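Results of the structural survey
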Amino acid sequence: MEHDYDLLVIGAGSGGVRAARVAAGHGARVAIIEEYRVGGTCVIRGCVPKKLYVFASRFSDMFDLAPSFGWTVDANFDWPTLVANKEKEITRLEGAYVSGLEGTGAEVIRDRAEITGPNTLRLVNADRELSARYILVATGGHPFVPDIPGRELGITSDEAFDLETLPNSILIEGGGYVAVEFATIFAGLGVDTTIVYRGDCILRGFDEDLREGLDAGLERRGIRRIYQTNVTALRKQDDKVCASFSDGVDAPFDVVMFATGRRPNVRGLGLDKAGVKLATNGVVEVDAYSKTNVPSIYAVGDVTGRVALTPVAIREGQAFAETVFNDNPTAVDHSLIGTAVFAEPESAAIGLTEAEAATHGDIDVYIAKFRPMMNTLSTRSERMLMKLITEADGGKVLGLHIQGAGAAEMVQLAAIPMGMQANKADFDRAIAMHPTAAEELVTFKAPTHIYRDGVKQD
Ligand code: FAD
């Protein structure tokens, strides 16, 4: 049967756009359908605007340090200017994405798509049915908001970027990287900021040293953290939102933001009509080639619940297009993925945490904690952390954790030797560049501590 297209992509975010471009480049007839803005979460309300706001918030730290370098700064911040300039930039990027797609011959359709069968979908607004040899589900996710009374009075990261005015106070519920990054953004812009989290410390799953260091960094920046507590209700109180906490306390805030996780965009998508299977946690189940149980339907990115990061969605989109449209079966290796938290201090990691590595055999742990040079003329005592975890036998590098300025850039580069199975001797072979923070990574002498048979020895 002749179909309208070779490929219909639902969702023009990181994964969908890459898949559409590469498939069209291989000669496929492609349309990509987007119900909101081309670029998806990353470009419109994720990584890009977030990093721009992180840059904005970091000036306050720099202004604090400036006098020790002889500067006098009389600084004022204007929120509407930041919001407007951010909007200009993401609109520019959105345009670049559209021309990139159209340049490869993919058609961009602005509508909502709902699947009606293994090879068909309906455009909701145009009320038109389209068919294709393959359908790619790349619909991403949305913020999860707990089901509590008054939940509609809170916002999520989707709205946080475009608040009309900068609040005087904000409560952020959550302990993941989105909660922590927004807390440092708002605190850096002068907002009285509180985090409330049901766990015992932020950033569950990260190395304990990074978690503790970041917790201390938040404290130093005046961010209140309330642990083992959650918000049970919200209500309006004059022009504020009053939050009730599980420990019985009530407190008013200008804004309450939920950063309590994300859920896949599968609702009303018609996956059931095509018989596509979901996993028990609601994500679309796929094999190593991103194929669902229906041979004509694939899925990539956050909707598949593998690793919810832009470069991963892009890699999955690329691999899908290679597999299906270039006769080159390609699976994505999800085993060694670097990740960054653009909070203050910036934190980034790749590979195993110390706790994980200690259960995998004998390991050596090298730690350097030092005052970065930038702080040495001031009274600021904040330290930088470099941590390298290696196998005791042979020295293979298992994990790398960095906290401090430039952490994400350093981990991105270290991901290359780690992907090549580098060991400590490979790191040591590099001659240090001085004065840098990263030179610590190639000048470690003796381990700070070791684990033998799972037991820590100093
Ligand atoms: P998305 O980019 O979410 O795209 C899905 C698209 O599908 C959306 O545009 C949506 O409108 C559209 N859509 C959904 N349903 C339909 C439908 N039925 N019809 C038509 N269109 C539909 N990742 C990083 O790597 N680094 C970061 O620093 C980072 N920061 C982040 C900060 C925040 C605040 C958030 C929320 C996320 C961040 N992420 C970051 C994660 C990253 O944004 C996602 O992993 C990535 O965007 C996933 O890409 P995707 O293609 O799966 O989905």
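Residues numbered from 1 in each chain as written. Predicted model: local features only at pLDDT ≥ 70, side-chain atom pairs only at ≥ 80, totals over all residues. Heavy atoms only, no water.

Assigned secondary structure in the chain consists of 12 helices and 23 strands. Rg of the C-alpha trace for the chain: 24 Å, near the compact-globule value of 23 Å for 458 residues, within the 12% margin. Its C-alpha atoms give the chain principal-axis dimensions of roughly 70 × 65 × 45 Å. Considering the chain as a whole, with its 458 residues, one finds that 51% of them fall into the buried category. In the chain, the share of contacts with a sequence separation of at least 24, taken over all contacts with a separation of at least 6, comes to 63%. Accessible area for the chain stands at about 21,500 Å²; split by element, carbon and sulfur atoms hold 51% of it. Taken together, the 46 basic and 63 acidic charged side chains of the chain have centroids lying 1 Å from each other. (Helix = DSSP H or I, 4+ residues; strand = E, 2+ residues; numbered from the N terminus. Rg over C-alpha atoms; globule rule 2.2 N^0.38 Å. Buried < 20%, exposed > 50% of the residue type's maximum accessible area, 1.4 Å probe, protein only. Contact = heavy atoms within 4.5 Å. Areas by Shrake-Rupley, 256 points an atom, 1.4 Å probe, with all protein chains shown as cover. Lys, Arg positive; Asp, Glu negative; His and termini not counted. Charge placed at Lys NZ, Arg CZ, Asp CG, Glu CD.)

For the rest of this paragraph, the subject is the environment of G27. With respect to the helices, strands and loops of the structure, G27 is situated in the loop between α1 (14–25) and β2 (30–34). What makes G27 exposed here is its relative accessible area of 58%.

It is worth spelling out the nonpolar core at this point. Membership of the largest hydrophobic core comes to 63 residues, with the highest contact counts inside it found for I172, F186, M386 and I402. Here this core takes 7 residues from helix α6 (residues 177–188), the largest share from any one element. In contact with F186, other than residues within four places in its own chain, are W79, A160, L163, L166, P167, I170, I172, V191 and T193. Of all hydrophobic cores here, the second largest spans 26 residues; its members include L7, V38, V324 and F325. (Core = buried A, V, L, I, M, F, W, Y, C linked by side-chain atoms within 4.5 Å.)

Now for the pairing of strand β4 (residues 113–117). In this sheet, strand β5 (residues 120–123) lies alongside β4 in antiparallel orientation, the contact comprising 4 bridges. Bridging from a neighbouring strand, G117 pairs with T120 of β5. Connecting β4 to the antiparallel partner β5 that follows it, the hairpin turn spans 2 residues. (Pairing = 2+ DSSP bridges.)

Turning to the site of the ligand, a few remarks are in order. The immediate surroundings of the ligand are formed by 37 residues, with G15, E34, T41, K50 and D302 found nearest. Contact between the ligand and L309: an oxygen atom at 3.3 Å from a main-chain N or O atom of the residue. For the shell around the ligand, the elements supplying multiple residues, two or more each, are α1, β2, α2 (40–45), α3 (47–65), α6 and α9 (310–325). Considering every element that reaches the shell around the ligand, the biggest residue donor is α2, with 4 residues. Classifying every residue of the shell around the ligand gives 16 nonpolar, 12 polar and 9 charged. Two domains share the shell around the ligand, each providing at least three of its residues, namely domain 1 (5–142 + 263–325) and domain 2 (151–260). (Near = heavy atom within 4 Å. Polar contact = N/O pair within 3.5 Å; in protein donor to acceptor, adjacent residues only side chain to side chain. Nonpolar A, V, L, I, M, F, W, Y, C, P; charged D, E, K, R; others polar. Domains from an automatic or database assignment.)

The interhelical angle for the contact between α3 and α6, taken along N-to-C directions, is 40°, at an axis separation of 7 Å. Taken together, the axes of α3 and α6 lie oblique to each other. Note on packing geometry: the crossing formed by α3 with α6 is left-handed. Listed contacts from α6 to K50, Y53, V54, S57 and S60 of α3 are Y177, E181, T184, I185 and G188. Looking at side-chain class alone, the contact of α3 with α6 contains 4 nonpolar, 4 polar and 2 charged residues. (Axes fitted to C-alpha atoms, helices over the stretch in contact; angles between N-to-C directions. Parallel < 35°, antiparallel > 145°, perpendicular 65-115°, else oblique. Left-handed = near helix turned anticlockwise from the far one by under 90°.)

Many analyses report the size of an interface as the accessible area lost when the parts associate. For the chain, the assigned domains are domain 1 (5–142 + 263–325), domain 2 (151–260) and domain 3 (345–450). Its C-alpha centre places domain 1 at a distance of 33 Å from the equivalent point of domain 3. Domain 1 puts 7 residues into the contact, and the matching count from domain 3 is 6 residues. Here domain 1 meets domain 3 over a buried area of about 660 Å², counting both sides, of which 58% is carbon and sulfur. On the domain 1 side of the interface with domain 3, the three residues burying the most area are L65, S68 and F69, jointly 64% of the side's total. Scanning the region where domain 1 abuts domain 3 turns up 3 salt bridges. (Buried area = accessible area lost by both parts, 1.4 Å probe. Salt bridge = Lys/Arg side-chain N within 4 Å of Asp/Glu carboxyl O.)

A few words now on a nonpolar patch on the surface. Together, F59, M62, F63, F69, W71, V73, M374 and L377 make up an exposed nonpolar region whose accessible area comes to about 820 Å². With respect to the helices and strands, W71 occurs in the loop between α3 and α4 (79–103). The exposure class assigned to W71 is exposed, which follows from its relative accessible area of 60%. (Patch = residues over 30% accessible without salt bridge, like charges linked within 9 Å, V, L, I, M, F, W, Y side chains within 5 Å.)

This paragraph deals with the packing of α1 against α9. α9 packs onto α1 with a crossing angle of 30° between their chain directions and a minimal axis gap of 7 Å. The orientation of α1 with respect to α9, classified from their angle, is roughly parallel. Every pair of crossing elements has a handedness; the one defined by α1 and α9 is right-handed. Only T310, A313, I314, G317, Q318, F320, A321, E322 and F325 of α9 make contact with α1, whose side of the interface consists of S14, G15, R18, A19, V22 and A23. Broken down by class, the residue content of the contact of α1 with α9 amounts to 8 nonpolar, 5 polar and 2 charged.

This paragraph deals with the packing of aromatic side chains. Here the structure, examined in full by the defined rule, presents 13 aromatic pairs. Here the aromatic rings of Y366 and F444 are separated by 5.7 Å at their centres, their planes lie at 45°, and the arrangement is tilted. Of this pair, Y366 sits in strand β19 (residues 363–370) while F444 sits in the loop between α12 (424–429) and β22 (449–452), and the two are 78 residues apart along the sequence. Relative accessible area serves as the criterion here: at 9%, F444 is assigned to the buried category. Three or more aromatic residues joined by ring pairs form one cluster here, namely Y53, W79, F161, F182 and F186. The ring of F144 has R263 sitting right over it, with the charged end atom 3.9 Å from the ring centre. Note that K424 overlies the ring of Y366, its terminal NZ or CZ placed 4.7 Å from the centroid. (Phe/Tyr/Trp six-rings, centres within 6.5 Å; stacked < 30°, edge-to-face > 60°. Lys NZ or Arg CZ within 6 Å of the ring centre and 35° of its normal.)

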